[in-house]
Amino acid sequence: MTLNYYLDKPKAEGDTAIYLFLRTGKQTIKIKTGQYINPKYWNTKPDKNGNHVKRNFTGCVEFNAWLDNRRSEMLKLYNRLTADGNVSFEELREAVLSHHEEKEPERVVGLLEHLLGFIAVRSTELSKATLAKYKILHNHLDGFSRHLRFKLSFEAIDMRFFDLFRAYLIQEKKHTDNTLWKDFATLKTFMAWANDRGLHQNLTFRKFKVAQREAEMVYLTEEELMRLYNAELPLGSKLDRVRDCFCFGCFTGQRYSDIAKLRRSDVKGNRWLLRDDKTDKAHHIVPLNGFALAILEKYEGDTKPLPVISNQKSNEYIKDLCEMVGIDEPTTVTRKLGSDKLANSKRTVEDKVVTVVEREALPKYEFIGTHTARRTFITLSLEKGMRPEVVMRISGHTNYATFKKYIKISEKVTENEMNDIWRLPAQMKVVS
């Protein structure tokens, strides 16, 4: 008789199931362990210590110990069943599988299922974008649990979990510091909701701290915006339509999701009556300037006020448009991932060896997407002298800390502001 572990799909790119094969003579019993692993962390043949899980896998010691214990348990059961030599293969198979089923823990509603319940309950209250964040969190937690064999529960959300989950998101998902901040902010909101409803009394999650760093914002200068706005494109072409929708965002400062929901009945003269889907506030009035009204007038004969397509496709075409009109100034955007600074970099991971390869600055159009329009409106409006509180009212921001992240004032504007405020009186001379 032999007892060996095998992967269900040895060449899979992601996690695959682990099975224990009990072979006696020419017959085999395939036992599902309930465990999963990525093949890159698996020794097809155990090493000299009998370990299947490689040392570069976080939690390898505990995982190998679990596999050894499960194998020893099956060996003892087999020896006990075959001690008198009168057991048939079918009887052996039934006894082994029955023993395996007995070992299965009683099913209870776990943290991940409660998170799905939270998403279902809040589906009528939260925007699609916010709900998507919780669905992504669910997927990350599920992947983390499988990857590290970490049994998730409300009680397990402690500082050890924080360290492991943070490392997983950095190493496996390549999340930058600001993305990590969003990950844990979303998790803490759910944990607080569950605590309020008596699902747990574990308050350790309140101690989770992740640095949020000021993000570098890319926006269009006024000259670049007008170059794009005035570019001659085939009338009615996909690039023409995408350009108009993007520029409408640059002239109004609204989210792409809100622009996509614009209806003709929402436009009253030179005002756009908008219900903020993210904060669910009452009507938010967006004044429409001449550029925005001209774009709407261009499509007044169409069914929809603007020819909005999917966000994903728009992001692709906007890059093509900006490249076409020469918005290609060399640009570097620096992000931070763990202890590494990534400046337009390529990151490769082999086991635990991380290499960051620096690249030269990329053309600006590579960094432009639908959200660039909102940043452009806010930054250019401030540069032109519009008061921050007025810009916030138009853009729909209610929190200055959030609003400030969109601001990127150029050095030229900073110098102009200094000279305007501290202008030397005409009758005074500069002392040399």
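The name recorded for the protein chain in an unreviewed UniProt entry is Site-specific integrase, from Rufibacter hautae. Comment text from UniProt for the protein chain, heading Sequence similarities (unreviewed entry), reads "Belongs to the 'phage' integrase family."

Chemist: Give me the overall build of the protein chain: which residues, what numbers.
Modeler: When helices and strands are tallied, the protein chain shows 15 helices and 12 strands. Looking at the protein chain residue by residue over its 432 residues, the buried ones come to 41%. Looking at the protein chain alone, contacts between residues at least 24 apart form 57% of all its contacts between residues at least 6 apart. Surface summary for the protein chain: the accessible area is close to 25700 Å², and the carbon and sulfur share equals 50%.

Chemist: I'd like a description of the nonpolar core, backed by residues and values.
Modeler: Considering soluble globular proteins, one finds that nonpolar side chains tend to be buried as a cluster. Counting 45 residues, the largest nonpolar core has Phe246, Phe248, Trp272, Leu306 and Ile368 as its most contacted members. Breaking this core down by element, the ones donating at least two residues are helix 7 (222-229), helix 8 (238-252), helix 9 (256-260), strand 5 (271-275), helix 10 (290-298), helix 11 (311-324), helix 12 (371-383) and helix 13 (388-395). The greatest single-element share of this core, amounting to eight residues, is contributed by helix 8. Counting residues in each nonpolar core, the second largest holds 33 residues, with Leu152, Phe161, Phe162 and Met191 among its members.

Chemist: Outline helix 11, listing residues and values.
Modeler: With 14 residues, helix 11 should reach 20 Å at 1.5 Å per residue; the first-to-last C-alpha distance of 20 Å fits that figure. Taken together, the buried positions of helix 11 are Ser314, Tyr317, Ile318, Leu321 and Cys322. Looking straight down helix 11, one finds its buried side chains confined to an arc of 140 degrees; they lie on one side. Its buried side turned inward, helix 11 meets helix 7, helix 8 and helix 9.

Chemist: Give a detailed account of the pattern of salt bridges, specifying residues and quantitative values.
Modeler: Inspection of the entire model under this criterion finds 15 salt bridges. The residue aspartate 142 makes a salt bridge to arginine 146 at a minimum N-O spacing of 3.5 Å. Of the two residues, aspartate 142 and arginine 146 are both situated in helix 4 (residues 128-148); the distance of four residues between them amounts to about one turn of the helix. The class of arginine 146 is partly exposed, set by a relative accessible area of 35%. The salt bridge partner of aspartate 240 is lysine 298, with a shortest N-O separation of 2.9 Å. Remark: lysine 298 occurs in helix 10 and aspartate 240 occurs in helix 8; sequence separation between them is 58 residues.

Chemist: Tell me about the sheet that holds strand 2 (residues 16-24), and name the residues and values.
Modeler: Overall, antiparallel pairing links the three strands, which are arranged 1-2-3 in an open sheet. Each of the sheet's edge strands pairs with one partner strand only, and the pair in question is strand 1 (2-7) and strand 3 (27-37). Each neighbouring strand pair of the sheet contributes to a mean axis angle of 25 degrees, computed without reference to strand direction. Judged from the eight bridges that link them, strand 2 and strand 3 form a sheet pairing that is antiparallel. Across the sheet, residue arginine 23 finds its bridge partner in strand 3, namely threonine 28. Across the sheet, helix 1 (residues 60-81) is in contact with strand 1, strand 2 and strand 3; its angle to strand 3 comes to roughly 155 degrees.

Chemist: Quick one: what's the story with helix 1, residue by residue and with numbers?
Modeler: An ideal rise of 1.5 Å per residue puts 32 Å on 22 residues; helix 1 measures up with 32 Å between its terminal C-alpha atoms. Looking at helix 1, one finds that the buried residues are Cys60, Phe63, Asn64, Leu67, Arg70, Met74, Leu77 and Tyr78. Burial along helix 1 is one-sided: seen end-on, the buried residues are contained in an arc of 155 degrees. Opposite the packed face of helix 1, turned more than 90 degrees from it, sit the exposed residues Val61, Glu62, Asn69, Lys76 and Arg80.

Chemist: Describe the packing of helix 7 against helix 8, with residues and values.
Modeler: Between helix 7 and helix 8, the shortest axis-to-axis distance is 10 Å and the interhelical angle comes to 145 degrees. As helix 7 packs across helix 8, the resulting crossing turns out to be left-handed. Contacts between helix 7 and helix 8 involve Leu225, Met226, Leu228 and Tyr229 from the first element and Arg243, Phe246, Cys247, Cys250 and Phe251 from the second. Class assignment for the residues of the contact of helix 7 with helix 8 results in eight nonpolar, no polar and one charged.

Chemist: Please give an account of the packing of helix 3 (residues 111-122) against helix 4 that cites residues and values.
Modeler: Contact geometry of helix 3 with helix 4 gives a least axis separation of 10 Å together with a crossing angle of 170 degrees. One way to sum up the angle between helix 3 and helix 4 is to call them roughly antiparallel. Only Leu131, Tyr134, Lys135, Leu137, His138, Leu141 and Asp142 of helix 4 make contact with helix 3, whose side of the interface consists of Leu111, Leu112, Leu115, Leu116, Phe118, Ile119 and Arg122. By residue class, the composition of the contact of helix 3 with helix 4 is 10 nonpolar, one polar and three charged.

Chemist: For the environment of threonine 179, give the residues involved together with the corresponding values.
Modeler: Considering the arrangement of structural elements, one finds threonine 179 in helix 6 (residues 177-196). A relative accessible area of 29% places threonine 179 in the partly exposed class.

Chemist: Which residues make up a negative patch on the surface, and what values do they have?
Modeler: A contiguous patch of negative charge on the surface is contributed by Asp320, Glu323, Asp328, Glu329 and Glu366. As for its position among the elements, glutamate 323 is in helix 11.

Analysis parameters
All residue numbers here refer to positions counted from 1 along the written sequence of the relevant chain. Two thresholds apply to this predicted model, a pLDDT of at least 70 for residue-level local features and 80 or more for giving and counting side-chain atom pairs, whereas whole-chain, interface and lining totals are computed over all residues. Here the side-chain values reflect all heavy atoms present in the structure, with hydrogen atoms and water set aside. UniProt positions are given in the numbering used here, feature names are shortened, and annotations may be inferred rather than shown by experiment. Strands are runs of DSSP state E lasting at least 2 residues, helices are runs of H or I lasting at least 4, and numbering of each runs from the N terminus. Using a 1.4 Å probe on the protein chains alone, a residue whose accessible area is under 20% of its type maximum counts as buried, one over 50% counts as exposed, and one in between counts as partly exposed. Here, two residues are considered to be in contact whenever any of their heavy atoms come within 4.5 Å of each other. For the area figures, the Shrake-Rupley method with a 1.4 Å probe applies, and any residue is considered shielded solely by the protein chains shown. For the purposes of this section, nonpolar cores are sets of buried Ala, Val, Leu, Ile, Met, Phe, Trp, Tyr and Cys residues that join through side-chain atoms within 4.5 Å. Each residue after the first adds 1.5 Å to the expected span of a helix. Of all possible arcs, the one meant is that of the directions from the helix axis to the C-beta atoms. Any carboxyl oxygen of Asp or Glu within 4 Å of a side-chain nitrogen of Lys or Arg constitutes a salt bridge here. Any two strands with at least two DSSP-identified bridges between them are counted as paired. The convention used is that axes are lines fitted to C-alpha atoms, helices contributing only their stretch in contact, and that angles between N-to-C directions extend from 0 to 180 degrees. Crossing handedness: left-handed means the near helix sits turned counterclockwise from the far one by under a right angle, and right-handed means the same turn made clockwise. Residues are sorted three ways: Asp, Glu, Lys and Arg are charged, Ala, Val, Leu, Ile, Met, Phe, Trp, Tyr, Cys and Pro are nonpolar, and all the rest, Gly among them, are polar. Throughout this description, any angle smaller than 35 degrees is read as roughly parallel, any larger than 145 degrees as roughly antiparallel, any in the 65 to 115 degree range as roughly perpendicular, and the remainder as oblique. Surface patches are defined over residues having more than 30% relative accessible area and no salt bridge, joining like charges when they lie within 9 Å and nonpolar side chains (Val, Leu, Ile, Met, Phe, Trp, Tyr) when within 5 Å. His is not counted here, nor are the chain ends, while Lys and Arg score as positive and Asp and Glu score as negative. Charge positions come from single atoms, namely NZ of Lys, CZ of Arg, CG of Asp or CD of Glu.

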